[in-house]
Amino acid sequence: MKKLQIRLFLNERGGREGIKKFSSLLREKPGDTNTLYGLGVSYVMVGRTNEAIAALSKALKLSPHNEYIMRELGIAYFQAQEVDKALDALQAALHSFPHDTTILHYLAQGYQERGQWDQALSFYQQVLELDPRRVEIYHNLGVVYDKKGFLGPAHENFGLYFKEKRERETALYHFRKALEHTQDGKKRRELEGLIEECQR
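Residues numbered from 1 in each chain as written. Predicted model: local features only at pLDDT ≥ 70, side-chain atom pairs only at ≥ 80, totals over all residues. Heavy atoms only, no water.

Draft legend 1. Structural detail: the side chain of Thr-101. By secondary structure assignment, the location of Thr-101 is in helix H7 (residues 101-114). Beyond its immediate sequence surroundings of up to four residues, Thr-101 is in contact with Val-127, Leu-130, Asp-131 and Arg-134. (Helix = DSSP H or I, 4+ residues; strand = E, 2+ residues; numbered from the N terminus. Contact = heavy atoms within 4.5 Å.)

Draft legend 2. Here's a closer look at the pattern of salt bridges. Per the stated rule, a full pass over the model turns up 14 salt bridges. Its salt-bridge partner being Glu-17, residue Lys-20 comes within 3.4 Å of it at the nearest N-O pair. Taken together, the residues span about one helical turn, with Lys-20 and Glu-17 both in helix H2 (residues 15-28) at a distance of three residues. With a relative accessible area of 29%, Glu-17 lands in the partly exposed category. Put simply, Arg-13, Glu-17 and Lys-20 are held in one network by salt bridges that share partners. (Salt bridge = Lys/Arg side-chain N within 4 Å of Asp/Glu carboxyl O. Buried < 20%, exposed > 50% of the residue type's maximum accessible area, 1.4 Å probe, protein only.)

Draft legend 3. Spatial organisation of the nonpolar core. Counting residues in hydrophobic clusters, the biggest one holds 63 residues, and the most contacted among them are Leu-107 and Phe-175. At seven residues, helix H5 (residues 67-79) tops the list of elements feeding residues into this core. (Core = buried A, V, L, I, M, F, W, Y, C linked by side-chain atoms within 4.5 Å.)

That is the geometry; function is a separate question.
Next up, the structure:
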């Protein structure tokens, strides 16, 4: 099976079925890279991270520098809370998949966990540019801006998050707080517009 076929199979059948199928195929072809990849992705899907890391590491030894494998290995490392290894694998995969919001999101979370706020902000912003429907990113941005001590942008992003969640009172609170911490005239007008929107 090729990687696209593996993905389609797993999207349709899920990780548990994938484990059965790829374990069976692996008995027939013990050193097949794609089968190991499929098994590793299946384990990632069901949260069996140690087995995912083992299968994907074997696949990567057989096919070094394979970005598809590195992507999934990075996700598995992240699930296993091995942030440094996750960041290394995901950064390598990013060269081939610069618009992959899953990679960007995991990178942002990893840098956030390390306290590297500027890198986290950059990756969260890229996710939002590529997929504005990912409203949880506003919350993440709020947390990072708060950690950096930028209260205006922190409250603005929390406000945007709660506005999208239709929690008007909480959104209003944050937009008003953002207004208190904002000097820029253009930004103040934007915030006033958001406050008016929430009051309608």
